[in-house]
Amino acid sequence: MANPKIKSSAQTAKKSNATAGRKPAAKSLYSKADLEEIFRRFSIQRPEPKGELEHVNPFTLVVAVALSAQATDAGVNKATRALFAVADTPQKMLDLGEERIREYIKTIGLYRNKAKNVVALSEKLITDFGGEVPRTREELITLPGVGRKTANVVLSMAFGQATMAVDTHIFRIANRLLLAPGKTPDEVEQRLMQIIPDQYLYHAHHWLILHGRYVCKARKPECERCVIADLCRSPEKTWDIPAPLVELPAQIIGAEAAG
Ligand code: SF4
């Protein structure tokens, strides 16, 4: 597992250009003090949250995130461990070739198309970027199979930028809690970037994903285990006494990663 550049939560995060030039978000239901308190509690639970996709460098992170569309992190990790052991650079991936890449990732949904994209993005990295993963969203999204969400994950985990990659968990939480309601991931991204206090912005993406994955679950939120149950304004809430605020055991990468 790589050692992604995780900044201390105490470090004030710089907002990326995600909100630049956009109109202001609708007012959040939550006061500034509520928002501070929500993210303060998340920061105590998980002082150093990490993404659960295994990778060994920025290139393998791009590949892992691109492979994770409509798949669980655990499922992607199982396939990429062996793949990255033999191909951890764009050139090695090209040398491996599409057919053999397919063999490695055939347990992942949409693997044929994804194998094509891995080859195409490796080619583009070599021809346009000297084999290096670019550091801007605009450049990243020119890579085949890399959309805004993937670019945001890479900017955050590989290059330490505060971004908000809205996945299924974040989209659900933002709407369920009426925290940053929006019809599209893009709308939710803009609103979250505007309401999350700056000092919590860098880790907010992982806190929300992990909260959604393990507590505020899709089918039935486990409100009795929730540290923000008293602050939550969700109509789906079933309990309003917050769970004890303690630091959780270190994450087990890839465990229980069902979406
Ligand atoms: S109280 Fe329930 S609905 Fe609200 S955030 Fe917690 S788990 Fe989700």
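What counts, and where the lines are drawn
Residues numbered from 1 in each chain as written. Predicted model: local features only at pLDDT ≥ 70, side-chain atom pairs only at ≥ 80, totals over all residues. Helix = DSSP H or I, 4+ residues; strand = E, 2+ residues; numbered from the N terminus. Contact = placed C-beta atoms within 7 Å. Core = buried A, V, L, I, M, F, W, Y, C linked by C-beta atoms within 7 Å. Buried ≥ 20, exposed ≤ 12 C-beta atoms within 10 Å, placed from the backbone. Axes fitted to C-alpha atoms, helices over the stretch in contact; angles between N-to-C directions. Parallel < 35°, antiparallel > 145°, perpendicular 65-115°, else oblique. Left-handed = near helix turned anticlockwise from the far one by under 90°. Nonpolar A, V, L, I, M, F, W, Y, C, P; charged D, E, K, R; others polar. Near = placed C-beta within 6 Å. Expected span 1.5 Å × (residues − 1).

(A) Geometry of the overall build of the protein chain. A tally of regular secondary structure across the protein chain gives 11 helices and 0 strands. The order of α-helices and β-strands along the protein chain, N terminus first, is α-α-α-α-α-α-α-α-α-α-α. A sequence separation of at least 24 residues applies to 65% of the contacts in the protein chain between residues at least 6 apart.

(B) Geometry of the nonpolar core. By size, the foremost hydrophobic cluster in this structure holds 67 residues, and its most contacted members are V62, V154 and A174. Here V154 is in contact with P58, L61, V62, V65, V133 and L140, once residues within four sequence places are set aside.

(C) Focus on the packing of helix α5 (residues 98–105) against helix α6 (residues 111–129). One can describe the packing of α5 onto α6 by two numbers: an axis separation of 9 Å at closest approach and a directional angle of 130°. The angle between α5 and α6 falls in the class oblique. In terms of crossing hand, the pair formed by α5 and α6 is right-handed. Between α5 and α6, the contacting residues are E98, I101, R102 and I105 on the first element and Y111, R112, K114, A115, K116, V118 and V119 on the second. Grouping the amino acids of the contact of α5 with α6 by side-chain chemistry returns 6 nonpolar, no polar and 5 charged.

(D) The site of the ligand, seen in detail. The local shell around the ligand holds 14 residues, among which C216, P221, C223, C226 and C232 are the closest. Residues of the shell around the ligand, tallied by class, amount to 9 nonpolar, 1 polar and 4 charged.

(E) View of unusual backbone geometry. We note that L110 has phi near 60°; this positive angle belongs to a residue other than glycine. Of note, L110 is situated in the loop between α5 and α6. Given 13 C-beta atoms within 10 Å, L110 falls into the partly exposed group. Here L178, not a glycine, exhibits a phi torsion of approximately 60°, which is positive. On the secondary structure map, L178 appears in the loop between α9 (168–176) and α10 (185–195). Among the residues examined, L178 registers 14 C-beta atoms within 10 Å and is labelled partly exposed.

(F) A look at the environment of K149. Inspection of the secondary structure assignment puts K149 in helix α8 (residues 148–159). Residue classification places K149 among the buried positions, given that 21 C-beta atoms sit within 10 Å. On a C-alpha basis, the gap between K149 and D186 in space is 9.1 Å, while along the polypeptide they are 37 residues apart. Residues in contact with K149, not counting those within four places in the same chain, are A165, V166, D167 and P185.

(G) Representation of α6 within the structure. The first and last C-alpha atoms of α6 sit 25 Å apart over 19 residues, in line with the 27 Å expected at 1.5 Å per residue. If you check which residues of α6 are buried, you get K114, A115, N117, V118, V119, L121, S122 and L125. Just downstream of α6, G130 is the residue with a positive phi angle, here 60°.

(H) Structural view of the environment of E52. In this fold, E52 is placed in the loop between α1 (32–45) and α2 (58–67). Along the sequence, E52 and L210 sit 158 residues apart, while their C-alpha atoms lie 9.5 Å from each other.

(I) Structural view of the packing of α2 against helix α3 (residues 73–86). Between α2 and α3, whose axes approach to 10 Å, the crossing angle comes to 145°. Considering how the two elements wind past one another, α2 and α3 form a crossing that is right-handed. In contact with T60, A64 and L67 of α2, α3 contributes V76, T80 and F84. Each residue belonging to the contact of α2 with α3 can be placed in one class, and the counts come to 4 nonpolar, 2 polar and no charged.

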